[in-house]
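Spelled out, the chains give:
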Amino acid sequence: MNALSLSAVAMMAVIGCTNAKTSSEQDGPWEVLFDGKSLHGWHSYGKPTAGAAWKAENEVLHFDAAAKQGGASGGDLVTDQEYDNFHLQLEWKISSKGNSGIIFYVKEDASKYPETYNTGLEMQVLDNDGHPDGKIHKHRAGDLYDLIACSKETVKLPGEWNRVDIISDKGRLEFRLNGTVVVATTLWDQNWKELISKSKFASMPGFSIYRKGKIALQDHGDEVWYRNIRIRKL
């Protein structure tokens, strides 16, 4: 075999290594949840369509608090589809003094569960310094709301984009905020039940009992923006 052939074989080996899939890449393909132009695939909780206060603007999903104050309908925005084991990625930015949340495993049955948080778990979206919830333990940005506080706070200032990964796979839950793992826990075991018993959710019998559900973005009455929302099944 000549030198040129050897070089070609070496190059093919490099390409083969480069294209080799990691275990994470062997999971399902990414599904874009927000196309940047419309609210296709989303609706307000308990409603057939999305509230008018939710707007697709310049590749960003914006909750327009002023529009709601002016009479436009809002409500938590939920996906049309349900997910069980998943990796959710998105970016968010919050207004000064603002509050919102990313809620998952939502069972949409508005007659039985009036609010998304009656069933779903929440990653808090917050202006830590400007909103009163920032003074409450386990209510700060990136926390598993009212259950587990961030191990490290990596949230950016209001008006700046934060990147989120929420990974739930066979009972293992992980939150990443701006590339750092901030929450890691196991769902549905005895320790999980004890956490719930000591939280505000203890009085909500439907909370976290569903292992498949919808993704929700919370209308807390404050300006918030989301973009680059995608998910893949694990």
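Use the structure listed above.
Peer 1: Got a sec to walk through the sheet that holds strand β7 (residues 99–106)? Specific residues and values, please.
Peer 2: Reading across the sheet, the 5 strands line up as β2-β5-β12-β7-β8 and stay open at both edges, with antiparallel pairing between neighbours. Among the strands making up the open sheet, the edge pair consists of β2 (42–44) and β8 (121–126). Between one strand and the next, the sheet's axes are offset by a mean angle of 20°, whatever the strand orientation.

Peer 1: Before we move on, can you summarise the nonpolar core with the specific residues and values?
Peer 2: Formed by 49 residues in total, the largest nonpolar core has its most connected members in L88, W92, I102, I166, Y226 and I229. Excluding residues within four positions of it along the chain, I229 makes contact with E31, V32, L33, F34, W42, L61, L88, Q89, L90 and L217. Core analysis: the second largest hydrophobic core is formed by 6 residues, Y45, V106, Y113 and A216 among them.

Peer 1: An account of the side chain of H131 is needed here, citing residue identities and associated values.
Peer 2: Following the sequence through the fold, H131 ends up in the loop between β8 and β9 (162–169). For H131, a relative accessible area of 12% translates into the label buried. A distance of 3.0 Å separates a polar side-chain atom of H131 from the backbone nitrogen of D133. Sequence-distant contacts of H131, defined by excluding residues within four places in its chain, comprise K97, G98, N99, L126, H220 and D222.

Peer 1: Please give an account of unusual backbone geometry that cites residues and values.
Peer 2: In the Ramachandran plot, D146 falls in the positive-phi region, its phi being about 65° despite a non-glycine side chain. By secondary structure assignment, the location of D146 is in the loop between β8 and β9. Backbone geometry at W188 places phi at a positive 70°, although glycine is not the residue there. Note on placement: W188 falls in the loop between β11 (180–186) and α3 (190–197). Residue class for W188 comes out buried when judged on its relative accessible area of 18%.

Peer 1: Requested: an account of the layout of surface pockets, with residues and values cited.
Peer 2: Reported here for the largest pocket is a volume of approximately 170 Å³. As for the largest pocket, its lining consists of 13 residues, and the residues nearest its centre are Y117, E122, Y145, Q218 and H220. Grouping the constituent residues of the lining of the largest pocket by class yields 3 nonpolar, 4 polar and 6 charged.

Parameters and conventions
- Residues numbered from 1 in each chain as written.
- Predicted model: local features only at pLDDT ≥ 70, side-chain atom pairs only at ≥ 80, totals over all residues.
- Heavy atoms only, no water.
- Pairing = 2+ DSSP bridges.
- Helix = DSSP H or I, 4+ residues; strand = E, 2+ residues; numbered from the N terminus.
- Axes fitted to C-alpha atoms, helices over the stretch in contact; angles between N-to-C directions.
- Core = buried A, V, L, I, M, F, W, Y, C linked by side-chain atoms within 4.5 Å.
- Buried < 20%, exposed > 50% of the residue type's maximum accessible area, 1.4 Å probe, protein only.
- Contact = heavy atoms within 4.5 Å.
- Polar contact = N/O pair within 3.5 Å; in protein donor to acceptor, adjacent residues only side chain to side chain.
- 1 Å grid on protein atoms, 1.4 Å probe; cavity = no way out; pocket = protein on both sides within 12 Å on 5 of 7 lines; lining within 4 Å.
- Points joined across faces, edges and corners; volume = space filled by probe spheres on them.
- Nonpolar A, V, L, I, M, F, W, Y, C, P; charged D, E, K, R; others polar.

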